[in-house]
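Spelled out from the first residue to the last, the chains are:
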Amino acid sequence: MTPRTQMSAQQEAFFKRLRSGEWELPPGIRNLGIRPQDWLKEVSYGRVYYEWPNDGSRDIGPDRVFGGWVAGLSDHIVSMTMASALEEGEWFTTTELQTRIFRPVPNGLITIEGRLISRGKTSGFVEADWRDEKGRHLVRVSAAKAIRTMEELNLKR
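Residues numbered from 1 in each chain as written. Predicted model: local features only at pLDDT ≥ 70, side-chain atom pairs only at ≥ 80, totals over all residues. Heavy atoms only, no water.

One can find Phe 15 in helix H1 (residues 9–20). Taking C-alpha positions, Phe 15 is 9.8 Å from Pro 36, a pair spaced 21 residues apart along the chain. (Helix = DSSP H or I, 4+ residues; strand = E, 2+ residues; numbered from the N terminus.)

Pasting the structure below:
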């Protein structure tokens, strides 16, 4: 079997709606102020690239983003990474999320790259790395995802 290197038609359509702002953000994403329509810069099979212009509005101290915000945005990013590797009729749910903050996340442009590490029939493993404007590694996120049919998760297509 040849490994996939392209997103499914379902996922191409999903990311087109997401990037255009047509996709109605779930309340948890919307309430956190996550803006994928503005921050998602690149997407391909098993990879997403975000640029978050950290203006300090989520800080708990000077040049120090609240860790809960880091985890929330990280969950979104590894989820979008998993979404890029789905087949027609599939979706997923997070079963484990680990966020390691190596150094405080400063103000300025933060780049975040998510990548698919492993994808099986019913599970996936994804990671993401955060970097500041100087290229310093700030955060590493890893997540396990349970892959299910949309019907199993009570989702509409």
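Next, the rest of the story.
Pairing is antiparallel across the open sheet formed by six strands, whose spatial order is E1-E2-E6-E7-E8-E5. Strands at the two margins of the open sheet, each flanked by one partner only, are strand E1 (40–44) and strand E5 (90–101). The sheet shows a mean angle of 20 degrees between the axes of neighbouring strands, taken without regard to direction. Against the sheet, H1 makes contact with E1 and E5, and its axis sits at roughly 175 degrees relative to E1, the strand it touches most. Against the sheet, helix H4 (residues 67–83) touches strand E2 (47–54), E5, strand E6 (108–119), strand E7 (123–131) and strand E8 (137–149), its axis set at about 140 degrees to E5. (Pairing = 2+ DSSP bridges. Axes fitted to C-alpha atoms, helices over the stretch in contact; angles between N-to-C directions. Contact = heavy atoms within 4.5 Å.)

Side chains carrying opposite charge are able to pair once their charged atoms draw close together. The tally for this structure, following the rule as stated, stands at nine salt bridges. The salt bridge involving Glu 127 is made with Arg 115; its shortest N-O contact spans 3.2 Å. Remark: Arg 115 occurs in strand E6 and Glu 127 occurs in strand E7; sequence separation between them is 12 residues. One salt bridge in this structure joins Arg 115 and Asp 129, with 2.7 Å as the shortest N-O distance. You can see Arg 115 sitting in strand E6 and its partner Asp 129 sitting in strand E7, a full 14 residues away along the chain. A single salt-bridge network, built from bridges that share partners, covers Arg 115, Glu 127, Asp 129 and Arg 140. (Salt bridge = Lys/Arg side-chain N within 4 Å of Asp/Glu carboxyl O.)

Worth remembering: the numbers are spatial, not functional.
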